Amino acid sequence: MVKISKELEQVLLDAEVFARTVHDSDRSGHDWPHIERVVRLSRELAEKERADRFTFILAALIHDVGDEKLNDSKEAGERKVRDWLDRQPIPHSSREHIFEIVSTMSYNGGHNPPMRTLEGQIVQDADRLDAIGAIGIARTFVYAGVKGHPMYDPEHPAREAMSAAEYRSGRQSAINHFYEKLLLLKDRINTESGRSLAVERHEYMEHFLEQFLQEWNGN
Ligand code: ADP
Ligand code: NI
């Protein structure tokens with residue numbers, strides 16, 4: 001395994017401090033443990049790939065710092081990430097690569113282009129894996145609670161095709177989010193090792209939904 005230089009190790013430590021300022025107080029499912037899991041999952045997925053370790057770890061650490069939902073606007077979020085990257089002692093190309101990954105990795109209603117580089121594909125898979133399975137279920141209900149959405153609203157069924165704006169607006173519920181995004185992620189995983197984990201987690205969610213609807217509707 002290629003060793004990361006002392007100088008780059010320091011960049012990763014600084015990235016952790018930077019990301020913690022954003023995530024330590026978050027209670028909408030983007031808390032610091034989400035970032036720790038995405039870093040760990042990225043390392044696991046990368047074991048079978050020839051990816052640049054510094055790049056995917058840094059991207060995983062700061063991937064949600066500029067998230068539109070955690071900032072005043074998309075532009076304000078991107079500026080925050082840019083300003084931080086510009087202060088780091090790393091080559092211009094590396095800075096551009098990290099920025100490209102974090103600014104395009106969001107699901108965005110399925111409207112973003114496919115991830116171009118292996119490092120981006122790994123971090124995107126890790127983030128998507130943390131959105132599904134048992135943790136994914138828990139995060140979705142936490143998010144709905146924080147936003148004041150109901151856990152289920154049978155009068156407003158899930159929307160099948162949506163624009164990016166519609167994806168973020170309109171009547172939402174935790175259960176709808178499974179049909180509008182989470183159940184679609186399994187077929188949008190980039191890496192082989194990510195796919196087998198996704199299949200397992202997907203089946204777990206299907207089982208959960210079946211049980212949930214059965215309990216809701218009565219037998
Ligand atoms: P992405 O990282 O692809 O941009 P988000 O940041 O929008 O995805 O969502 C991260 C997680 O937050 C989701 O996996 C889900 O758990 C939760 N979440 C986001 N939007 C909703 C929603 N409308 N209803 C319930 N949970 C949501
Ligand atoms: Ni994330």
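Look a little higher up for the structure.
Please read these numbers as outputs of a predicted model, since none were measured by experiment. (Residues numbered from 1 in each chain as written. Chains lettered and ligands numbered in written order. Predicted model: local features only at pLDDT ≥ 70, side-chain atom pairs only at ≥ 80, totals over all residues. Heavy atoms only, no water.)

### Some details on helix H1 (residues 6-23)
Here H1 is 18 residues long and its end C-alpha atoms lie 26 Å apart, about the 26 Å a rise of 1.5 Å per residue gives. Taken residue by residue, H1 has Val 11, Leu 12, Ala 15, Phe 18, Ala 19, Val 22 and His 23 as its buried positions. All buried residues of H1 fall inside an arc of 125 degrees around its axis, so they share one side. Exposed residues lying more than 90 degrees from the buried face of H1 are Lys 6, Val 17 and Thr 21. Turning to H1, the residues buried within the fold contact helix H2 (32-46), helix H3 (53-62) and helix H4 (74-86). (Helix = DSSP H or I, 4+ residues; strand = E, 2+ residues; numbered from the N terminus. Expected span 1.5 Å × (residues − 1). Buried < 20%, exposed > 50% of the residue type's maximum accessible area, 1.4 Å probe, protein only. Arc of directions from axis to C-beta. Contact = heavy atoms within 4.5 Å.)

### Notes on the packing of aromatic side chains
According to the stated counting rule, one finds 9 aromatic pairs in the structure shown. Ring centres 5.9 Å apart and planes at 85 degrees place the aromatic pair Tyr 152 and Phe 212 in the edge-to-face group. Here Tyr 152 is found in the loop between helix H7 (133-147) and helix H8 (164-168), whereas its partner Phe 212 is found in helix H10 (residues 192-217), with 60 residues between them in sequence. Residue Tyr 152 is classed as buried on the basis of its relative accessible area, which comes to 19%. (Phe/Tyr/Trp six-rings, centres within 6.5 Å; stacked < 30°, edge-to-face > 60°.)

### Here's the deal with the nonpolar core
Counting residues in each nonpolar core, the largest one holds 52 residues, and the members touching the most others are Leu 58, Leu 61, Ile 62, Trp 84 and Leu 85. For this core, the elements supplying multiple residues, two or more each, are H1, H2, H3, H4, helix H5 (92-104), helix H6 (118-129), helix H9 (174-180) and H10. Among the elements that make up this core, the one with the highest residue count is H3 (8 residues). Excluding anything up to four places from it in sequence, Trp 84 contacts Val 11, Asp 14, Ala 15, Phe 18, Leu 58 and Ile 62. (Core = buried A, V, L, I, M, F, W, Y, C linked by side-chain atoms within 4.5 Å.)

### Examining the coordination of the nickel ion (ligand 2)
Around the nickel ion (ligand 2), the protein contributes the donor atoms His 34 (NE2), His 63 (NE2), Asp 64 (OD) and Asp 127 (OD), which lie 2.1 to 2.2 Å from the metal centre. Coordination at the nickel ion (ligand 2) is irregular, judged from the 4 donor atoms that bind it and the angles of 84 to 176 degrees they form at the metal. Donor residues for the nickel ion (ligand 2), ordered by position in the chain, follow H-x28-H-D-x62-D. Separated by 93 residues along the polypeptide, His 34 in helix H2 and Asp 127 in helix H6 bring together distant segments of the chain. Owing to a relative accessible area of 0%, His 34 belongs among the buried residues under this scheme. (Donors = N, O, S within 2.8 Å, 3.2 Å for Na, K, Ca; no water. Tetrahedral: all angles 85-135°; square planar, octahedral: opposite > 155°, others 65-115°.)

### Thoughts on the side chain of Ser 173
Along the chain, Ser 173 turns up in the loop between H8 and H9. By relative accessible area, which is 4% here, Ser 173 ends up buried. When residues no more than four places from it in sequence are discounted, the contact partners of Ser 173 are His 149, Pro 150, Met 151, Tyr 152 and Asp 153.

### A short note on the pattern of salt bridges
Under the definition given, this model contains 12 salt bridges. Close ionic contact of Asp 24 with Arg 20 constitutes a salt bridge, the shortest N to O distance being 3.5 Å. For Asp 24, a relative accessible area of 40% corresponds to the partly exposed category. Judged by relative accessible area, Arg 20 falls into the partly exposed class, the value being 29%. Between Lys 186 and Asp 187 there is a salt bridge, with its nearest N and O atoms 3.3 Å apart. Each of Glu 16, Arg 20 and Asp 24 takes part in one network of salt bridges that share partners. (Salt bridge = Lys/Arg side-chain N within 4 Å of Asp/Glu carboxyl O.)

### Considerations on H10
Under the 1.5 Å per step criterion, the end-to-end length of H10 is 38 Å for 26 residues, consistent within 8% with the ideal 38 Å. Of the residues making up H10, those classed as buried are Ser 193, Gly 194, Ala 198, His 202, Met 205, Leu 209 and Phe 212. On its buried face, H10 is in contact with H2, H6, H7 and H9. Note on H10: the residue one or two positions beyond its end, Gly 218, has a positive phi of about 80 degrees.

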